[in-house]
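# Architecture and fold: a report
Here is what each chain is made of, one letter per residue.
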Amino acid sequence: MSSSPVSTPSRLRGLRRPGPPAWLSPKVFRTEALAGLVVALALIPEAISFSIIAGVDPAIGLFASFTMAVVIAFVGGRPAMISAATGAVALVIAPLNREHGLGYMIAAVILAGLFQITLGALGVAKLIRFIPRSVMVGFVNSLAILVFMAQVPEMRDVPWAVYPLLAGGLSLMVFFPKVTKAVPAPLVSIVILTAITVAAGIAVPTVGDKGALPSSLPVPGLPDVPLTLDTLTLIAPYALAMAVVGLMESLMTAKLVDEITDTRSSKTRESVGQGIANIVTGFFGGMGGCAMIGQTMINVKVSGARTRLSTFLAGVFLMVLCIVFGPVVSQIPMAALVAVMVMVCFATFDWHSIAPKTLRRMPAGEITVMVLTVVCVVATHNLAVGVVAGSVTAMVIFAKRVAHLANVTSVLDPDGGQVVYCVTGALFFASSNDLVGQFDYAGDPDKVVIDLSSAHVWDASSVAALDAVETKYRRLGKSVEIVGLNEHSARLHGTLSGELSAGH
């Protein structure tokens, strides 16, 4: 029996094909394309600078930025985030290149990619949830400070014309969006300042002064190293350090973009994607990289990009600008790009976090963690050091605070034959240390009940403390009964009780 013509459309409504991707919309495409162009222009001097830090030819850093951006656009977990050659990675692998040569450095980049894929598959990305907000704020503020500090050398010992150009660039980026947001203000600023310097023949530092731009695309190949165990032993420590630093910076940046765009991203996919991008980059002779906070902020916060298209086009435009428009790009005054990065610093820094009103309300421990994170990152120029130091400090402060939430109160039966101790709070290594001293062993009656209905036993230290209490009472000929354990606490206590003090 055939279906009625009325019911057929309703049954097929759920089978309709999804519409075209958002970036195919002319408005979105224009936003993504212009954002990618601005990012590409900002990537060129950064990639060259990081190449100098790593001790390699500028083309190595530019190739890395190209391959990282293009590959991560397809395999990454956070749309619109920019990955390229970074200073953090350059600092890690620079000693290897300096002492053993470019081949070993490239091999380390490929191995770092394999480490990142492995760490991603093992779920290391889930650890990002344990990073407190105060560390995240410190991470953002320290990045803004580091990006600004990287611009300071471009503003010292330079021709006087740099300063009015810098001021003009900042003014354009502040006021141009009030006229229209159809074209990113940073792109307008770069074009206008370049036109002024070229037309007027103003002698100021330019992108071309940073180093020669490549004139051809990178060619894939294998690193020129012996495939031996000695090579693996040599490069493994550098590769592991690069993998950890790169993942930490990428995952923290992804979390920041999540908050800015009010969307969620796959941190596991981002971890694996970073590994794939670094492997591809290594085979194309690049120096490797990770997510870039400055360029990501240009893309997401300043230019309004939201899709993978901007990331892909940033890499493509980078190579097009270098190979096709190299002579023109070389004429861009560094003052124009410095102005863009200074604006990014201002937009990235969390000014609310240091407002007097905020500081008066914020707990002292939170402020301490934030400041420590900033100080460690700025002092070492290593984001991993600051994040780890801040997170560990936050955990210690939290443990100290929670340790005081475990209380013991006692109720003596009217006939004096039994005492009931009620323990409340979380019992773990910090709080359980004081537990043993809160019982009146000598003065209590022969029967003691310890009620843990309002407590939770978290670790072996707490079980050991309860065992110590029982042992002290037993030596005095008194019996102890532990009641009220929840399922997790009972299982842990049943497994470990009596097994933690053998020989005593």
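Structure: above.
Residues numbered from 1 in each chain as written. Predicted model: local features only at pLDDT ≥ 70, side-chain atom pairs only at ≥ 80, totals over all residues. Heavy atoms only, no water.

### Section: helix α2 (residues 26-54)
- When the terminal C-alpha atoms of α2 are compared, their 40 Å separation across 29 residues agrees well with the 42 Å that a helix rising 1.5 Å per residue should span.
- The sharpest bend along α2 reaches about 30° and sits at Leu 43, with the proline Pro 45 one to four residues further on.
- Gly 55 sits one or two residues past α2 and shows a positive phi near 80°. (Helix = DSSP H or I, 4+ residues; strand = E, 2+ residues; numbered from the N terminus. Expected span 1.5 Å × (residues − 1). Bend = angle between axes of the 7 residues up to and from the residue.)

### Considerations on unusual backbone geometry
- Positive phi, close to 50°, is recorded for Asp 157, a residue that is not glycine.
- We classify Asp 157 as exposed; its relative accessible area is 82%.
- Despite not being glycine, Asp 262 shows a phi value in the positive range, around 55°.
- Mapped onto the elements of the fold, Asp 262 is located in the loop between α9 (229-261) and α10 (267-283).
- The exposure class assigned to Asp 262 is exposed, which follows from its relative accessible area of 71%. (Buried < 20%, exposed > 50% of the residue type's maximum accessible area, 1.4 Å probe, protein only.)

### A word on the sheet that holds strand β6 (residues 479-483)
- One open sheet holds the four strands; their spatial order is β3-β4-β5-β6, and the pairing between them is mixed. For this open sheet the edge positions go to β3 (407-412) and β6, each flanked by a neighbour on one side alone. Taken pair by pair, the neighbouring strands of this sheet meet at an average axis angle of 20°, ignoring direction.
- Across six bridges, the pairing between β3 and strand β4 (residues 418-427) is antiparallel. Along β4, the bridge assignment pairs Thr 409 with Cys 422. (Pairing = 2+ DSSP bridges. Axes fitted to C-alpha atoms, helices over the stretch in contact; angles between N-to-C directions.)

### What about the pairing of β6?
- Bridge analysis of strand β5 (residues 447-457) against β6 gives five bridges, and the strand direction is parallel. Pairing of Lys 447 across the sheet is with Ser 479, part of β6.
- For the handedness criterion, the β-α-β arrangement of β5, helix α18 (residues 460-475) and β6 is classed as right-handed. (Right-handed = clockwise from strand over helix to strand, strands pointing away.)

### Here's the deal with the side chain of Ser 330
- By the secondary structure assignment, Ser 330 is in the loop between α13 (326-329) and α14 (334-348).
- A relative accessible area of 18% places Ser 330 in the buried class.
- Those residues within four positions of Ser 330 in sequence are excluded, and the remaining contacts are Thr 206, Val 207, Gly 208 and Leu 213. (Contact = heavy atoms within 4.5 Å.)

### Quick notes on a nonpolar patch on the surface
- Judged by side-chain polarity, Val 320, Val 324, Phe 325 and Val 328 come together as a nonpolar surface patch covering roughly 340 Å² of accessible area.
- Tracing the backbone through its elements, the reader meets Val 324 in the loop between α12 (308-323) and α13. (Patch = residues over 30% accessible without salt bridge, like charges linked within 9 Å, V, L, I, M, F, W, Y side chains within 5 Å. Areas by Shrake-Rupley, 256 points an atom, 1.4 Å probe, with all protein chains shown as cover. Salt bridge = Lys/Arg side-chain N within 4 Å of Asp/Glu carboxyl O.)

### What to know about the nonpolar core
- Formed by 107 residues in total, the largest nonpolar core has its most connected members in Ile 44, Leu 62, Ile 93, Phe 139, Met 287, Ile 298 and Leu 318.
- It is α2 that provides the largest number of residues to this core, a total of twelve residues.
- Ignoring anything within four residues of it in the chain, the contact list for Phe 139 reads Glu 249, Met 252, Thr 253, Thr 373, Leu 383 and Val 387.
- Among the nonpolar cores identified, the runner-up in size contains 21 residues, and Ala 406, Tyr 421, Ile 450 and Ala 465 belong to it. (Core = buried A, V, L, I, M, F, W, Y, C linked by side-chain atoms within 4.5 Å.)

### Describing empty space enclosed by the protein
- Within this structure, the stated rule accounts for three cavities of 30 Å³ or more.
- Taken as a whole, the largest cavity holds about 90 Å³ of empty space.
- What lines the largest cavity is Arg 133, Ser 134, Val 137, Ser 353, Thr 358, Leu 359, Met 362, Glu 366, Ile 367 and Met 370.
- Those elements giving two or more residues to the lining of the largest cavity turn out to be α6 (133-151), α15 (356-361) and α16 (364-380).
- Grouping the constituent residues of the lining of the largest cavity by class yields five nonpolar, three polar and two charged. (1 Å grid on protein atoms, 1.4 Å probe; cavity = no way out; pocket = protein on both sides within 12 Å on 5 of 7 lines; lining within 4 Å. Points joined across faces, edges and corners; volume = space filled by probe spheres on them. Nonpolar A, V, L, I, M, F, W, Y, C, P; charged D, E, K, R; others polar.)

### Observations concerning the layout of surface pockets
- By volume, the largest pocket is sized at about 680 Å³.
- Taken together, 30 residues line the largest pocket, and the ones lying closest to its centre are Glu 46, Phe 50, Gly 87, Leu 146 and Ala 150.
- Only α2, α4 (87-100), α6, α11 (293-302) and α14 provide two or more residues apiece to the lining of the largest pocket.
- Considered class by class, the residues forming the lining of the largest pocket number 19 nonpolar, seven polar and four charged.

### Observations regarding α14
- Taking 1.5 Å as the rise per residue, α14 with 15 residues should run 21 Å; its terminal C-alpha atoms sit 21 Å apart, in good agreement.
- α14 sits mainly inside the fold: twelve of its 15 residues count as buried.
- Within α14, the full set of buried residues consists of Met 334, Ala 335, Ala 336, Leu 337, Val 338, Ala 339, Val 340, Met 341, Val 342, Val 344, Cys 345 and Thr 348.
- Those residues of α14 that are buried lie in contact with α2, α6, α7 (162-179), α8 (185-200) and α11.

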